[in-house]
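Fold and geometry: a report
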Amino acid sequence: MWRARAAGGRTVCRNLINGTHGARGRSPLQKLHLVSQSIHHSHYPWSRFQRLPLWTSVQQFSTLNHLPLRSTKLLVKYGFQPHRNFWLARAASRLLRLRYIILGSAVGGGYTAKKTFDQWKDLVPDLSEYKWIVPDFVWELDQYVDFEKLTKALPDSEDLVKLLPDFDKIGESLSSLKGLFTPGYNLVSEVIGASDLLLLLGSPGDTAFRATDPGFENEKQYKKGLLGELILLQQQIQQHEEEARRATDHYGPGSSQQKRKVSDKEKVDQLQEELLRTQLKYQRMLERLEKENKELRKIVLQKDDKGIHQRKLKKSLIDMYSEVLDILSDYDASYNTQDHLPRVVVVGDQSAGKTSVLEMIAQARIFPRGSGEMMTRSPVKVTLSEGPHHVAVFKDSSREFDLTKEEDLAALRNEIEIRMKKSVREGCTVSSETISLSVKGPGLQRMVLVDLPGVISTVTSGMAPDTKEAIFSMSKAYMQNPNAIILCIQDGSVDAERSIVTDLVSQMDPQGKRTIFVLTKVDLAEKNVASPSRIQQIIEGKLFPMKALGYFAVVTGKGNSCESIESIREYEEEFFQNSKLLKKCMLKAHQVTTRNLSLAVSDRFWRMVRESVEQQADAFKATRFNLETEWKNNYPRLRELDRDELFEKAKNEILDEVISLSQVTPKHWEEILQKTLWERVSTHVIENIYLPAAQTMNSGTFNTTVDIKLKQWTDKQLPTKAVEVAWATLQEEFSRFMTEEKGKEHDDIFDKLKQAVKEESIKRHKWNEKAEDSLRVIQHNALEDRSISDKQQWDAAIQFMEETLQSRLKDTESVIEDMVGPDWKKRWLFWVRRTKEQAIRSETKNELEKMIKCNEEHPAYLASDEVTTVRKNLEARGVAVDPCLIKDTWHQVYRRHFLKKALGHCNLCRRGFYYYQRHFVDSELECNDVVLFWRIQRMLAITANTLRQQLTNTEVRRLEKNVKEVLEDFAEDCEKKVKLLTGKRVQLAEDLKKVREIQEKLEVFIEALHQEEK
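What counts and what doesn't
Residues numbered from 1 in each chain as written. Predicted model: local features only at pLDDT ≥ 70, side-chain atom pairs only at ≥ 80, totals over all residues. Heavy atoms only, no water. Helix = DSSP H or I, 4+ residues; strand = E, 2+ residues; numbered from the N terminus. Buried < 20%, exposed > 50% of the residue type's maximum accessible area, 1.4 Å probe, protein only. Contact = heavy atoms within 4.5 Å. Areas by Shrake-Rupley, 256 points an atom, 1.4 Å probe, with all protein chains shown as cover. pLDDT = per-residue confidence, 0-100. Core = buried A, V, L, I, M, F, W, Y, C linked by side-chain atoms within 4.5 Å. Salt bridge = Lys/Arg side-chain N within 4 Å of Asp/Glu carboxyl O. Pairing = 2+ DSSP bridges. Axes fitted to C-alpha atoms, helices over the stretch in contact; angles between N-to-C directions. Parallel < 35°, antiparallel > 145°, perpendicular 65-115°, else oblique. Left-handed = near helix turned anticlockwise from the far one by under 90°. Nonpolar A, V, L, I, M, F, W, Y, C, P; charged D, E, K, R; others polar. Patch = residues over 30% accessible without salt bridge, like charges linked within 9 Å, V, L, I, M, F, W, Y side chains within 5 Å. Polar contact = N/O pair within 3.5 Å; in protein donor to acceptor, adjacent residues only side chain to side chain. Phe/Tyr/Trp six-rings, centres within 6.5 Å; stacked < 30°, edge-to-face > 60°. Lys NZ or Arg CZ within 6 Å of the ring centre and 35° of its normal. Lys, Arg positive; Asp, Glu negative; His and termini not counted. Charge placed at Lys NZ, Arg CZ, Asp CG, Glu CD.

1. Points about the overall build of the chain
The number of helices and strands found in the chain is 39 helices and 11 strands. Out of the 1014 residues belonging to the chain, those deemed buried represent 43%. For the chain, restricting intrachain contacts to residue pairs at least 6 apart in sequence, the fraction spanning at least 24 positions comes to 79%. Approximately 57700 Å² of the chain is accessible, and the part contributed by carbon and sulfur atoms is 51%.

2. Description of the confidence of the model for the chain
The pLDDT averaged across the chain works out to 75; a share of 68% of its residues lies at or above 70. Low confidence marks residues 305-313, where pLDDT is under 50. Its contacts with residues over four positions away, or in another chain, come to 11 contacts.

3. Here's the deal with the nonpolar core
Membership of the largest hydrophobic core comes to 99 residues, with the highest contact counts inside it found for Tyr690, Trp713, Leu730, Trp794 and Ile936. Broken down by element, the residue count for this core peaks at 17 residues, all from helix 37 (residues 928-972). When neighbours within four sequence positions are excluded, leucine 730 is seen to be in contact with Leu661, Trp669, Trp767, Leu951, Glu955, Val956 and Leu959. Formed by 66 residues, the second largest nonpolar core is a distinct cluster that contains Ala392, Leu449, Ile489 and Ala617.

4. With respect to the pattern of salt bridges
The tally for this structure, following the rule as stated, stands at 45 salt bridges. In this structure, arginine 786 engages aspartate 707 in a salt bridge whose closest nitrogen and oxygen atoms are separated by 2.1 Å. Taken together, the residues arginine 786 in the loop between helix 30 (770-784) and helix 31 (791-820) and aspartate 707 in helix 27 (residues 699-716) connect sequence positions 79 residues apart. Given the relative accessible area of 35%, arginine 786 is considered partly exposed. Bridged by salt links that share partners, the residues Arg624, Glu628, Glu640, Arg996 and Glu1000 form one connected network.

5. What about the sheet that holds strand 6 (residues 400-402)?
If you walk across this open sheet you meet the nine strands as 6-5-7-4-8-3-9-10-11, and the pairing is mixed. This sheet does not close on itself; its edge strands, each paired only once, are strand 6 and strand 11 (550-553). Across the sheet, the mean angle from the axis of one strand to that of its neighbour is 25°, orientation sign disregarded. The strands touched by helix 19 (residues 501-508) are strand 3 (344-348), strand 9 (485-491) and strand 10 (515-520); relative to strand 9, the strand with the most contacts, the crossing angle is about 160°.

6. Looking at unusual backbone geometry
Positive phi, normally seen in glycine, also occurs at glutamine 363, with a value near 60°. By the secondary structure assignment, glutamine 363 is in the loop between helix 16 (354-362) and strand 4 (380-386). Owing to a relative accessible area of 21%, glutamine 363 belongs among the partly exposed residues under this scheme. Despite not being glycine, lysine 521 has its phi angle at roughly 55°, a positive value. Residue classification places lysine 521 among the partly exposed residues on the basis of a relative accessible area of 22%.

7. Here's the deal with the packing of helix 28 (residues 718-739) against helix 29 (residues 751-764)
One can describe the packing of helix 28 onto helix 29 by two numbers: an axis separation of 11 Å at closest approach and a directional angle of 165°. The pairing of helix 28 with helix 29 is recorded here as roughly antiparallel in orientation. Two packed elements cross with a definite hand, and for helix 28 against helix 29 that hand is right-handed. The residues of helix 29 that touch helix 28, namely those facing Trp727, Gln731, Phe734, Ser735 and Met738, are Lys754, Lys758 and Ile762. Along the lines of polarity and charge, the residues of the contact of helix 28 with helix 29 split into four nonpolar, two polar and two charged.

8. Digging into a nonpolar patch on the surface
Residues Trp824, Trp828, Leu829, Phe830 and Val832 make up a contiguous nonpolar surface patch of roughly 670 Å² in combined accessible area. Tracing the backbone shows tryptophan 828 in helix 32 (residues 824-830). Under the relative-accessibility criterion, tryptophan 828 is labelled exposed at 68%.

9. A word on the side chain of threonine 943
Relative to the assigned elements, threonine 943 resides in helix 37. Threonine 943 sits in the buried class, given a relative accessible area of 0%. A polar contact of 2.7 Å, which involves the side chain of threonine 943, links it to the backbone oxygen of methionine 939.

10. Quick word on the packing of aromatic side chains
If you walk through the whole model with that rule in mind, you get 14 aromatic pairs. Aromatic side chains tryptophan 631 and tyrosine 635 sit 4.9 Å apart centroid to centroid with 50° between the ring planes, which places their arrangement in the tilted category. The exposure classification of tryptophan 631 matches that of tyrosine 635, with both residues buried. Members of the aromatic cluster, joined through ring pairs, are Trp678, Tyr690, Phe800, Phe898 and Phe933. The cationic tip of arginine 736 hangs over the ring face of phenylalanine 737; the distance from NZ or CZ to the ring centre is 4.6 Å. For the cation-ring pair, lysine 977 lies above phenylalanine 647, with the distance from its terminal atom to the ring centre recorded as 5.7 Å.

11. A word on a negative patch on the surface
Together, Glu433, Glu965, Glu968, Glu972, Asp973 and Glu975 make up a region of like negative charge exposed at the surface. Residue contributions to the negative patch peak at three residues, all from helix 37. Mapped onto the elements of the fold, glutamate 975 is located in helix 38 (residues 974-980). In this structure glutamate 975 comes out as exposed when scored by relative accessible area, which is 64%.

12. Here's the deal with the packing of helix 27 against helix 28
Packed helices, taken two at a time, are described by the angle their axes make and the gap between the axes. Where helix 27 contacts helix 28, the axes come no closer than 4 Å and their chain directions differ by 50°. Classed by the angle they form, the pair helix 27 and helix 28 counts as oblique. Judged by residue contacts, Trp713, Thr714 and Lys716 of helix 27 engage Leu718, Pro719 and Thr720 from helix 28. Its residues placed into classes, the contact of helix 27 with helix 28 shows three nonpolar, two polar and one charged.

Below you can see the structure in the form of structure tokens.
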């Protein structure tokens, strides 16, 4: 049984090897091995290739050929296996090894491929470090831009075909009009010129901007998208034109005579209308695409503006260029330097629409408006650039005006008007001071424009007499720049003969190589002008002698100042779509609308910049070398400090000097204050207090008089005098520190500035009002004290009294000497003589001295009889004298007598301190005058100490604060700095700084410009 089954298995295996299945049956092995079935299945994809013999496949991938093959007569029928056969299972298991061989081959091949790939990968350089080259928003663009929606929004080919005109019909019409109307070819060229987006500046003879200039470096063939369809339309029209020309040549004049029977006029009108409709349809498509592109760019710019990627944004080219122009404007406002950098200069007659054209280009109503009056009173430099938000910023301010909000627009217009009024000096109407404004927004063309005051023909009331000449000279100064682009604005609603600006532009640019002419208010001109051909003559440059690169016609609204930019643009497009000027080919499509004007001006601006900026950089480089050489020759040991740096240096010196003022010692303050205060009040003390009290008869009356006089003096005059003395002392010390030379380090260039700072600080400083009240109480308490505590204070009071009396005596003797003239010694030694009046006074003095010798206790005043006696005695000696002269002489003589007597009494009181302690009891010596001077001296010391405390604790700090405020005000006042810091050295450093800054910024700009071109 087992042998039979083994023999059957061997038979089956032998049949498999020999390629036969025996008895027309199929081997059960085919049921077990499904891979084999798939290999030989007739529907498997590999079955189309030539099948290898089974023997070959088994020999390659199986080990069945190693089985012992024996002959057997056992036949196995299909599907019949009544008993399990052990050898059959072994054979099947060996056959199943085929899958493992295949699996191992796959694993080994995969491993080899992986190893090869790893080796290749190691050879590739690591580009992860250069990932920053691609902006981050490119990887995330699909998150913000719906490309599927964008593709669906574009018209498909079937819609474009529907929009295309019937070219067969156009070709037939063109062939029929071949011999009659040459304008047919001009109409075809109109379609070509209107659909071209690259608006370039053509020659003056073309009277328009040509977009198909073969010499332009940026000429491209757009083959994709809607632009490709437009250019394909041009090519098809050219092909139809060629076919029409060939058909005309083929049929000859006979056939053309037959086609002339058709209404030629109707065909021409029909052709014009169809071309115009096609042009308008594609224009709308382009506007829709531009709007979508604008939104996409706004999203990208907003994403970039929010700082999603961490790289720092660089300044745009137009911002870098605008900074250079701002520096040039500050460097030389009178245009004496060779400033030949390009800018767009907007000139025109007053109320010609200059401001409206600029607002349409800037896409915002940013300028103040008036009804017929002059609103632009100074040049306004507007820098246009692209940005995520529509905002405006002044050069010297950080505030952003949101141009999408009406309240910000009103505030911006008000700010511009205020700046214009501030820039105009008294007695003038216009100013040459430039107001710099930057406007950013999506879709704005990059350029720099300068809006100038409108040219006037007559000076009206309220204007300065030189207003007309000032505007002319200002306009010429800007237009004489050989690289400036002149945007000449002409009002189309008035007669062309009334224009003034065209003659001015013709003088500055006779060849018209940098002039662009703009005709405004074309809608009013079309209504009012009887002959529309006059407008055509203006646009073609045949009416004015002025030449220009190109001519444009625009509409800037209906005359309502409340209109928005969007409504004005819609009105402009609607007008030109229905205008007869376009339908009758008087105007060309690329010569109309402010959008085309903006594109053309921007293109010409950047072309001029690229052509001239390197030459200007070289010129400033040469100027810088000359200035540096001049500085080295004149000031070899000094640094190149400009006006701002010099001001900072002077500021530091002044602040150091103010700090030095706070470091003055208290002893020095008190000595100066006490000395100065006594010099101010000594005359009052001697004349009004001491002398009247000394005329009394007893000590009680003396003390009473002194107390009353001192009380009155303290209540009314003394505190005020003390504060004045303190303030004067502070000024003197401050001036001493400010004007004190520092030796070799002293720089006299700061003297004017220091003097101005000192004067302004002192002018602003005010002493504390409460200081007098507190000082009055202190002084009153000090003067009420009469108790001298020790001998040292007594001796100090006597010394003070003696010094005061000696000083007064010396002054009195000097006055008497001037009254009576030189004595006999001086007359003999110096050969001088007395005058007649001096001789009379000398005789009077001698007579009065005799009277005093007779009565040394004589009172201070002469009695009437004594005056008469003296006069008669003098008359007896032949000297006629006036009673007033006697009294005047007596005052000085008695004063000298009294002071000598007081000095003698002062010497006697040196030993009187003992009697003072006993209140002068049982003593004939009375020293009440010493006590008075001690009270005065003590009051002076206490007042000086109080004032010193106020100075060091309060007033010096307040003065220091005032000085800092004055310096800050001067730092912001450029005119003040120019006035106070002057000289050749300062001006040379200023020129060198500006030229160096301009040249360096130009080099950076040129480098960025070259990188953008790449």
